[in-house]
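Okay, here's what each chain looks like letter by letter:
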Amino acid sequence: MFLFVSKLLPLFVYPLGLACLLLIMSLVMWWRRSRWTPIPISLALLILWVASSGWMSSALVRSLEWQNLPSEDLPTAEAIVLLGGATKPKTPPRPMVDVSEEGDRVLYAAKLYQDQKAPLIVAAGGRIDWRDGGRSEAADLAELLNAMGVPSQAIIQEPDSLNTYENAVNVRKILEQRGINRILLVTSAIHMPRSILIFQRQGFEVIPAPCDFLFAKTSGQKTIEGTILNVIPDSDRLAQTTRAIKEYIGMVIYRLRGWL
């Protein structure tokens, strides 16, 4: 129930969900012939415009992604922990396991292993029955890691977790049996600040290994054309703003539950 509620309630504060609620409110006010009807419509438009602008999306995303910028040469660890949320199950018509936008996580974990940064990879992630179903994401991650040259004996699957907190708890149970405490944590850069706090709370020595950066440093010149395009609404920017808000909400909820 907590999982379902955690997915549902933030819709009322995400830009798109909040704008929809305001538009529904405006329809009710219009039906009642209220002279205040333009107010919720204007608020909905403002929210969508600001949230889908380049300035807002880049500021929010970078406030999270740039907290743990990777060093040129990451230190070694006892294990690489690869968090799920990077694959789509092998269901028809997909011919194989697909990777999502966060698929860089799998590529980076495999590279770290090939670079001999750690001798094993823990692939962590279950799958929500009422969303995707099928086998665990840990199994999908293991399949992709195998395809990229990581041997099966170097992969440990954690197939039961459905959120980042459960990732950390279940991985701790697995690795403490092997006496492993120092880990390279691989996840999307925007998700890294919350993930570090959760794994540290479980007693791990965490070396952040972020990837899947949505915004990178550029040396390009600012132009009038770029400035104009930066204020034009864009659906990708709206999605990025929503992801950042989701992370901040997650931090608040996890802290209230004592998970951080």
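Residues numbered from 1 in each chain as written. Predicted model: local features only at pLDDT ≥ 70, side-chain atom pairs only at ≥ 80, totals over all residues. Heavy atoms only, no water.

Draft legend 1. A look at the overall build of the chain. For the chain, the count of helices and strands is 10 helices and 7 strands. Dimensions along the principal axes, computed over C-alpha positions, put the chain at roughly 70 × 50 × 40 Å. The burial tally for the chain puts 45% of its 260 residues in the buried class. A fraction of 72% describes how many contacts in the chain between residues 6 or more apart in sequence connect residues 24 or more apart. Surface summary for the chain: the accessible area is close to 14,300 Å², and the carbon and sulfur share equals 60%. (Helix = DSSP H or I, 4+ residues; strand = E, 2+ residues; numbered from the N terminus. Buried < 20%, exposed > 50% of the residue type's maximum accessible area, 1.4 Å probe, protein only. Contact = heavy atoms within 4.5 Å. Areas by Shrake-Rupley, 256 points an atom, 1.4 Å probe, with all protein chains shown as cover.)

Draft legend 2. Layout of the nonpolar core. The biggest cluster of nonpolar side chains holds 28 residues, and the ones touching the most others in it are Val 81, Val 171, Leu 175, Ile 183, Leu 185 and Phe 199. Where this core is concerned, the elements lending two or more residues are helix 4 (54-65), strand 1 (79-83), strand 4 (121-124), helix 7 (164-176), strand 6 (182-188), helix 8 (192-201) and helix 10 (235-256). Sorting elements by how many residues they give to this core places helix 8 first, with 4 residues. Apart from residues lying up to four places away in sequence, Phe 199 is in contact with Val 81, Leu 83, Thr 164, Asn 167, Ala 168, Val 171, Ile 183, Leu 185, Phe 204 and Val 206. Of all hydrophobic cores here, the second largest spans 27 residues; its members include Val 97, Leu 112, Ala 142 and Ile 155. (Core = buried A, V, L, I, M, F, W, Y, C linked by side-chain atoms within 4.5 Å.)

Draft legend 3. Expanded view of the packing of aromatic side chains. In the structure shown here, the tally under the stated rule is 3 aromatic pairs. Relative to Trp 259, the ring of Tyr 165 has its centre 4.0 Å away and its plane inclined at 5°; by these criteria the two rings are stacked. Here the residue Tyr 165 occupies a position in helix 7, and Trp 259 occupies one in the segment after helix 10, the gap between them amounting to 94 residues. A relative accessible area of 23% means that Tyr 165 is categorised as partly exposed. Seen from their ring centres, Phe 199 and Phe 204 are 5.7 Å apart, and the 45° between their planes marks the pair as tilted. Residue Phe 199 is classed as buried on the basis of its relative accessible area of 0%. A network of ring pairs unites the aromatic residues Tyr 165, Tyr 254 and Trp 259 as a single cluster. A cation over an aromatic ring shows up here: Arg 33 above the ring of Trp 30, its NZ or CZ 5.6 Å from the ring centre. Seen from the ring of Tyr 254, Arg 194 lies directly overhead, with NZ or CZ sitting 4.9 Å from the centre. (Phe/Tyr/Trp six-rings, centres within 6.5 Å; stacked < 30°, edge-to-face > 60°. Lys NZ or Arg CZ within 6 Å of the ring centre and 35° of its normal.)

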